[in-house]
Amino acid sequence: ISAIINGTISEKFFNRYMPERVSLPISGISLSGIIFLVTYLSIGIFDGLLPIQYLYIGSIWVMSTLAFEYGFGHYVQGKSWQKLNQIFNVKEGNLFILVMLVTVVSPYLAAMAKGQL
């Protein structure tokens, strides 16, 4: 849901008033922030886990995200694998790799920030 909200904001505001080389990185940074915020607000449901378990949670989120991105993009939207791989093209301003990094470490960092570790 966070990615959908971020995408809607990007389409309605960032992409309308900025070139893609500017709006795409802003979108990646804002999605990273949203992911951490949602994780921070909800991490209490995972209280009492070991540090590695928080990283496992983040890893599962990343794998689920990639499965959705590639599965939906290829089998529903009909995009080629090459086109889908462009989400990792940092040279074009796409910061999806940052989003994935934030996703994997957010449970651990949020648990630390809330004193759960």
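Okay, so let's go over this structure. (Residues numbered from 1 in each chain as written. Predicted model: local features only at pLDDT ≥ 70, side-chain atom pairs only at ≥ 80, totals over all residues. Heavy atoms only, no water.)

## A few points about the nonpolar core
Grouped together as the largest cluster of nonpolar side chains are ten residues: Leu31, Ile35, Val62, Tyr70, Leu84, Ile87, Phe96, Val99, Met100 and Val102. Contributions of two or more residues to this core are made by helix H2 (20-42), helix H3 (51-76) and helix H5 (96-113). In this structure, valine 99 is in contact with Gly28, Leu31, Ser32 and Ile35, ignoring residues within four places of it in sequence. (Core = buried A, V, L, I, M, F, W, Y, C linked by side-chain atoms within 4.5 Å. Buried < 20%, exposed > 50% of the residue type's maximum accessible area, 1.4 Å probe, protein only. Helix = DSSP H or I, 4+ residues; strand = E, 2+ residues; numbered from the N terminus. Contact = heavy atoms within 4.5 Å.)

## With respect to the packing of helix H1 (residues 2-17) against H2
The N-to-C vectors of H1 and H2 enclose an angle of 150 degrees; their axes lie 10 Å apart at closest approach. In terms of orientation, H1 and H2 fall into the roughly antiparallel class. For the pair H1 and H2, the crossing hand works out as right-handed. Where H1 abuts H2, its residues Ser2, Ala3, Asn6, Ser10, Phe14 and Asn15 lie against Ser23, Ile26, Ser27, Ser30, Leu31, Ile34 and Val38. (Axes fitted to C-alpha atoms, helices over the stretch in contact; angles between N-to-C directions. Parallel < 35°, antiparallel > 145°, perpendicular 65-115°, else oblique. Left-handed = near helix turned anticlockwise from the far one by under 90°.)

## Focus on a nonpolar patch on the surface
Residues Ile29, Phe88, Val90, Ile97, Leu98 and Leu101 make up a contiguous nonpolar surface patch of roughly 510 Å² in combined accessible area. At three residues, the largest contribution of residues to the nonpolar patch is made by H5. Within the fold, isoleucine 97 resides in helix H5. Of the residues examined, isoleucine 97 reaches a relative accessible area of 46% and is grouped as partly exposed. (Patch = residues over 30% accessible without salt bridge, like charges linked within 9 Å, V, L, I, M, F, W, Y side chains within 5 Å. Areas by Shrake-Rupley, 256 points an atom, 1.4 Å probe, with all protein chains shown as cover. Salt bridge = Lys/Arg side-chain N within 4 Å of Asp/Glu carboxyl O.)

## Points about the environment of leucine 98
Tracing the chain through its elements places leucine 98 in helix H5. Taking C-alpha positions, leucine 98 is 11 Å from serine 30, a pair spaced 68 residues apart along the chain. Setting aside its immediate chain neighbours within four residues, leucine 98 contacts Ile29 and Ser32.

## Concerning H1
The end-to-end C-alpha distance of H1, which contains 16 residues, comes to 22 Å, matching closely the 22 Å that a straight helix rising 1.5 Å per residue would cover. Considering bend angle alone, the principal kink of H1 is centred on serine 10 and spans about 45 degrees. For H1, the full list of buried residues reads Asn6, Ser10 and Phe14. Where H1 is buried, its residues touch H2. (Expected span 1.5 Å × (residues − 1). Bend = angle between axes of the 7 residues up to and from the residue.)

Everything listed here is a matter of coordinates, which is why it stays silent on function.
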